[in-house]
Amino acid sequence: MTGEANQAAPRPWAKVAPPKPLLLKFPAILLSFIASMNPTKTRFAPSPTGLMHIGNARTALFSALYGESFLLRIEDTDAERSRREFVDELLADLRWMGLPWQEGPQTAEPGPDYFQSRRGAVYQRYYDALEQNGLAYPCFCTPRELEISRKIQLSSGQPPRYTGKCAHLNPEEVARKRAEGLEPTLRFKVPKRETVEFLDGVRGPQKFATDDIGDFIIRRADGSAAFFFCNAIDDALMGVTHVLRGEDHLANTPRQLLVLKALDLPAPQYAHNSLILGDDGAPLSKRNGSRSIAQLREEGYFPLALLNMLARLGHHYDSEDIMDFAALKARFDLSRLGKSPARFDIDHLKHWQQLAVRSADPATLKPWLHAETRALVPEDQLAAFLDIVRSNCLFPAEADGWARILFADELKAEPDMAAAARGAGEAFFLAALDAATLAGADFDAFMKALKAKTGAKGKGLFLPLRAALTGRHDGPELGALYRILDPARLHRRLAEFTYESE
Ligand SMILES: Nc1ncnc2c1ncn2[C@@H]1O[C@H](COP(=O)(O)OP(=O)(O)OP(=O)(O)O)[C@@H](O)[C@H]1O
Ligand SMILES: [Zn+2]
């Protein structure tokens, strides 16, 4: 492995070691040891609050590409927005993309190992440890009080952050407020006048002053764990060595490093990728209804196309060839990640889709077709039809269109194509019928005979034939059409214009 992220992160802020909670000291040492023995372990930790979009998918892919082992964790502490069906969709999307996770849930049934909503008891041990060591305190401030304080700070030109008001409550005051039935949040006490530094695998050295970070909530009033806390704790407990995630989390990292340091837990190395932007220039987000992976899957995109597009979105490969997951993984290099935001362009995805369709074998292509399409195509014509699909279609719906043209009787011609056929005249099609009868399955012989009889060439030869046989401008080469059409149907289509042109 190469790349900046594998160098030890400098931690000059670790000058004064915090009091080590005895209860947790031994496991922490053990965890560091295990982490040092283990291979690079990455993770994807989505919240099941919507359908996975291309930004999430790229984060998952980069993590899977980089990690020697890859873990999946469901961050479902937001009870209001988290939904079981989104976990289902998420697992389906990752499986469809072919991203194998070595650790993580196999079903959407929440369990204590990889669903944060079920890990309250684990987190409680660490809350207790922080509180006992004076590193966290209950906060009874109401949302309204916090909002007023925020406004005051903003109006006096200060950045809004928690004032630390409740840090000064004595145990009696805390007990009294609790007795009144007030449910506090738990805040992490941020050390003063320190600097948090880390080496970001994408963005290089990072430095944050703790004085710019207000004491932040690590447990919500309803008892649920806040992101800063459970995300960091779980990475440590699960032995994650490298966190590849979106840049939206960069400012969270110093907070998470402070929590881990306070608990003497090992910190992973972080690499923050630029966000993927949509057409409107805003980052893709579950909240703004960005195009979902499920939607792409339904439209018939191949996972291989998506993987190849995503792997090149903000990451450079020397080869422009389509590669499978293993090849993408072998050539993935953290130092080739770009710092500027990448824009999702559907045409790039279509480019890879075209390569994926072209290179797909029958075993991949056949189930990709709609069931109705498969029902239309005679078994002995399937291979020839798949060849037509490979060079003419991007999606199953397009393949279905061609199956209807080639294997069903009714033909809906584009208006100008019907005119083009009629324009060629009765004599042309009578000659074509004769030539077809003479040549049988031999397309070259058919063309030769038709040319000889009519003197037509170039567009004047091809266009009326294409018009009569398919009713469409574009499509498979004429020879392929000629060979795949049932002779009786071919003759009927040519004969059609021997009457109409009168
Ligand atoms: N537009 C984006 N581009 C790249 N990565 C993204 C983008 N949006 C989110 N991510 C990353 O996807 C991972 C999972 O994030 P999460 O499940 O919170 O999704 P989200 O789209 O940010 O959701 P929400 O809209 O609820 O904030 C995180 O690592 C996050 O940084
Ligand atoms: Zn408070």
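Residues numbered from 1 in each chain as written. Chains lettered and ligands numbered in written order. Predicted model: local features only at pLDDT ≥ 70, side-chain atom pairs only at ≥ 80, totals over all residues. Heavy atoms only, no water.

### Focus on the coordination of the zinc ion (ligand 2)
At the metal site, the zinc ion (ligand 2) is ligated by C139 (SG), C141 (SG), Y162 (OH) and C166 (SG), and these contacts range over 2.0 to 2.2 Å. Around the zinc ion (ligand 2), the four donor atoms are arranged such that angles at the metal cover 103 to 120°; this shape is classified as tetrahedral. Sequence positions of the donors to the zinc ion (ligand 2) reduce to the motif C-x1-C-x20-Y-x3-C. Here Y162 lies in the loop between α5 (143-155) and α6 (171-179) and C141 lies in the loop between β3 (136-139) and α5, a separation of 21 residues in the sequence. (Donors = N, O, S within 2.8 Å, 3.2 Å for Na, K, Ca; no water. Tetrahedral: all angles 85-135°; square planar, octahedral: opposite > 155°, others 65-115°. Helix = DSSP H or I, 4+ residues; strand = E, 2+ residues; numbered from the N terminus.)

### A short note on the sheet that holds strand β7 (residues 216-219)
Taken in spatial order, the three strands of this open sheet run β3-β4-β7, and their pairing is antiparallel. Either end of the sheet is taken by a strand with one partner, and the two such strands are β3 and β7. Each strand axis lies, on average, 45° off the axis of its neighbour in the sheet, ignoring direction. Bridging between β3 and strand β4 (residues 185-188) involves four bridges; their strand directions are antiparallel. Within the sheet, the bridge partner assigned to Y137 lies in β4 and is R187. (Pairing = 2+ DSSP bridges. Axes fitted to C-alpha atoms, helices over the stretch in contact; angles between N-to-C directions.)

### Considering the layout of surface pockets
Taken as a whole, the largest pocket holds about 1000 Å³ of empty space. Residue lining of the largest pocket: 36 residues in total, with S47, D248, H249, K286 and R287 positioned closest to the centre. Mapped by element, the contributors of at least two residues to the lining of the largest pocket are β1 (41-44), α2 (54-66), α7 (227-237) and β8 (242-246). Looking at side-chain class alone, the lining of the largest pocket contains 12 nonpolar, 14 polar and 10 charged residues. (1 Å grid on protein atoms, 1.4 Å probe; cavity = no way out; pocket = protein on both sides within 12 Å on 5 of 7 lines; lining within 4 Å. Points joined across faces, edges and corners; volume = space filled by probe spheres on them. Nonpolar A, V, L, I, M, F, W, Y, C, P; charged D, E, K, R; others polar.)

### A few points about the confidence of the model for the protein chain
Confidence along the protein chain averages 91 in pLDDT terms, with 91% of residues attaining 70 or more. Overall, residues 1-23 carries pLDDT values under 50, and its contacts beyond four positions in sequence, including any with other chains, amount to 44 contacts. (pLDDT = per-residue confidence, 0-100. Contact = heavy atoms within 4.5 Å.)

### Description of the packing of helix α10 (residues 303-311) against helix α12 (residues 346-359)
It is at 8 Å that the axes of α10 and α12 come closest, and there the two elements cross at 135°. Relative to α12, the element α10 is oriented oblique. Of the two possible hands of crossing, α10 and α12 adopt the one that is right-handed. On α12, the residues that touch L304, A305, L306, N308 and M309 of α10 are H348, L349, W352, Q353 and A356. When the residues that make up the contact of α10 with α12 are grouped by side-chain class, the tally is seven nonpolar, three polar and no charged. (Parallel < 35°, antiparallel > 145°, perpendicular 65-115°, else oblique. Left-handed = near helix turned anticlockwise from the far one by under 90°.)

### Looking at the packing of aromatic side chains
For the coordinates displayed, the defined rule picks out 17 aromatic pairs. A ring pair is formed by F216 and F228, whose centres lie 5.2 Å apart and whose planes are at 70°; its orientation type is edge-to-face. Placement of the pair is F216 in strand β7 and F228 in helix α7, with a sequence separation of 12 residues. Using a relative accessible area of 4% as the deciding quantity, one classes F216 as buried. Within the aromatic cluster, the residues linked to one another by ring pairs are F188, F216, F227 and F228. When the ring centre of Y127 is taken as reference, the NZ or CZ atom of R219 above it lies at 4.9 Å. (Phe/Tyr/Trp six-rings, centres within 6.5 Å; stacked < 30°, edge-to-face > 60°. Buried < 20%, exposed > 50% of the residue type's maximum accessible area, 1.4 Å probe, protein only. Lys NZ or Arg CZ within 6 Å of the ring centre and 35° of its normal.)

### Focus: the nonpolar core
Judged by nonpolar contacts, the single largest core of 103 residues is most densely connected at I54, M97, F385, L406 and F446. L135, V243, L250 and A262 belong to the second-largest nonpolar core, a separate cluster that totals 36 residues. (Core = buried A, V, L, I, M, F, W, Y, C linked by side-chain atoms within 4.5 Å.)

### Section: the site of ligand 1
By nearness alone, 20 residues border ligand 1, and H53, D248, I276, S285 and K286 come closest of all. Residue H53 places a side-chain N or O atom 2.7 Å away from an oxygen atom belonging to ligand 1. The contact in question runs from an oxygen atom of ligand 1 to an N or O atom on the backbone of G246, over 2.8 Å. Cavity membership is defined here by more than half of the atoms lying within 2 Å of grid points; on that basis ligand 1 lies in the largest pocket. Of all elements in the fold, only α2 and β8 reach the threshold of two or more residues within the shell around ligand 1. The element best represented in the shell around ligand 1 is α2, accounting for three residues. (Near = heavy atom within 4 Å. Polar contact = N/O pair within 3.5 Å; in protein donor to acceptor, adjacent residues only side chain to side chain. Sits in = over half its atoms within 2 Å of the grid points.)

### Thoughts on the domain arrangement of the protein chain
By convention, interface size is frequently given as the accessible area that disappears when the constituent parts associate. For the protein chain, the assigned domains are domain 1 (4-277), domain 2 (286-359), domain 3 (362-407) and domain 4 (415-500). The interface of domain 1 with domain 2 comprises 36 residues on the first partner and 34 residues on the second. Across the domain 1/domain 2 interface, buried area totals approximately 3100 Å², and carbon plus sulfur atoms make up 69% of it. Looking at the side of domain 1 facing domain 2, the largest losses of area belong to I54, L65 and W96, adding up to 26% of the total buried there. The interface formed by domain 1 and domain 2 holds two salt bridges in total. Between R297 and E89 there is a salt bridge, with the nearest N and O atoms lying 3.7 Å from each other. (Domains from an automatic or database assignment. Buried area = accessible area lost by both parts, 1.4 Å probe. Salt bridge = Lys/Arg side-chain N within 4 Å of Asp/Glu carboxyl O.)

### A word on the environment of A480
Of note, A480 is situated in helix α21 (residues 478-484). In sequence terms A480 and A384 are 96 residues apart; their C-alpha atoms lie 8.0 Å from each other.

### Some details on helix α15 (residues 382-392)
Listed in full, the buried residues belonging to α15 are L382, F385, L386, I388, V389 and R390. Close packing links the buried residues of α15 with α12, α13 (362-368), α14 (371-376), α16 (396-407) and α21.

### Quick notes on the UniProt feature "domain: Aminoacyl-tRNA synthetase class I anticodon-binding" (unreviewed entry) in the protein chain
Look at the UniProt record and you will see "domain: Aminoacyl-tRNA synthetase class I anticodon-binding" (unreviewed entry) annotated at residues 365-496. The distance from the first to the last C-alpha atom of residues 365-496 is 34 Å, and the span holds 74% helix and 0% strand. (UniProt positions renumbered as here; feature names shortened; annotations may be inferred.)

### What to know about unusual backbone geometry
Of note, the phi angle at R193 is positive, near 55°, even though the residue is not glycine. Take R193: it is sitting in the loop between β4 and β5 (195-200). Taking relative accessible area as the criterion, R193 reaches 71% and is therefore assigned exposed.

### Quick notes on the side chain of N252
Examined against the element boundaries, N252 turns out to sit in the loop between β8 and α8 (253-262). Residues in contact with N252, not counting those within four places in the same chain, are F227 and F228.

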